[in-house]
Amino acid sequence: MKMFVFEGTSEEITKVFRTLQPTDAETAAAVGLPEEASSSATPSEASDEETPPVSVQFARRVLTRRRLSDRQKAMLQTLYEAHPEWLPAATLHKATDCTPAQFAGVVGATGRRVARTAGYNGQALIEGEWNDETGWKYRIPDAVREALRLEGLVSQ
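This report concerns the structure included in the present document. (Residues numbered from 1 in each chain as written. Predicted model: local features only at pLDDT ≥ 70, side-chain atom pairs only at ≥ 80, totals over all residues. Heavy atoms only, no water.)

1. Focus: the overall build of the chain
- The helix and strand tally for the chain stands at seven helices and three strands.
- From first element to last, N terminus to C terminus, the chain shows the α and β order α-α-α-α-β-α-α-β-β-α.
- In the chain, buried positions account for 42% of the 156 residues.
- Considering only contacts in the chain between residues 6 or more positions apart, those separated by 24 or more positions represent 69%.
- A total of about 8900 Å² of accessible surface is found on the chain, and carbon and sulfur atoms cover 48% of it. (Helix = DSSP H or I, 4+ residues; strand = E, 2+ residues; numbered from the N terminus. Buried < 20%, exposed > 50% of the residue type's maximum accessible area, 1.4 Å probe, protein only. Contact = heavy atoms within 4.5 Å. Areas by Shrake-Rupley, 256 points an atom, 1.4 Å probe, with all protein chains shown as cover.)

Okay, structure coming up:
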């Protein structure tokens, strides 16, 4: 397992992130990043290929097979409340009390959780989208929102 910790401004972290994409294609896909994000492509070069839709049943399995960390819960609660809107990464950094590097770890751990759940076929629990002006932004699909509610993992 490789782990990198970076400190710096948002702009500095973004520059690093553009050059150091996840090298694990499963992890990149599980957090909703295009497959090309796991290669040497920059976010703007990545294709807009669709990931398979996530089902409520699969999302429930992902969310309950292991205990969620407090930061994962905070991230999911924030995305739940904002649904269906996209949230910039900076908003999620604040909600999870994470630096950008720490938040990348939270997203990576969530991606590994998804990729290692029985029934995984490339679907994403969290959708990620690159914006050249603001950087990464995230949201959850309707099925994940429903799974969070059914499992009692969010306050409504």
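Moving on from the model shown.
2. With respect to the sheet that holds strand β3 (residues 135-139)
- Strands sit in the order β1-β3-β2 across an open sheet of three strands; the sheet is antiparallel. Two strands bound the open sheet, and with one partner strand each, they are β1 (87-88) and β2 (127-131).
- Looking at chain direction, β2 and β3 are connected through five bridges and run antiparallel. Considered in β3, the bridge of E129 is made with K137. (Pairing = 2+ DSSP bridges.)

3. A few points about the nonpolar core
- In this structure, M75, L79, L125, I126, Y138, I140 and L148 are the most contacted members of the largest nonpolar core, which totals 32 residues.
- Elements with a minimum of two residues in this core: α3 (56-64), α4 (70-82), α5 (89-96), α6 (100-115), β3 and α7 (142-150). (Core = buried A, V, L, I, M, F, W, Y, C linked by side-chain atoms within 4.5 Å.)

4. Quick word on α3
- Taken as a whole, α3 has its buried residues at F58, A59, V62 and L63. The buried residues of α3 occupy one face: seen down the axis, they fall within an arc of 130°.
- Lining the buried residues of α3 we find α4, α6 and α7. (Arc of directions from axis to C-beta.)

5. Re the packing of α4 against α5
- Interaxial distance between α4 and α5 falls to 9 Å at its minimum, and their mutual angle equals 130°. In terms of axis orientation, α4 runs oblique to α5. The handedness of the crossing between α4 and α5 is right-handed. Here R71, A74, M75, T78 and L79 of α4 lie close against α5, whose contacting residues are L92, A95 and T96.
- The class makeup of the residues in the contact of α4 with α5 is five nonpolar, two polar and one charged. (Axes fitted to C-alpha atoms, helices over the stretch in contact; angles between N-to-C directions. Parallel < 35°, antiparallel > 145°, perpendicular 65-115°, else oblique. Left-handed = near helix turned anticlockwise from the far one by under 90°. Nonpolar A, V, L, I, M, F, W, Y, C, P; charged D, E, K, R; others polar.)

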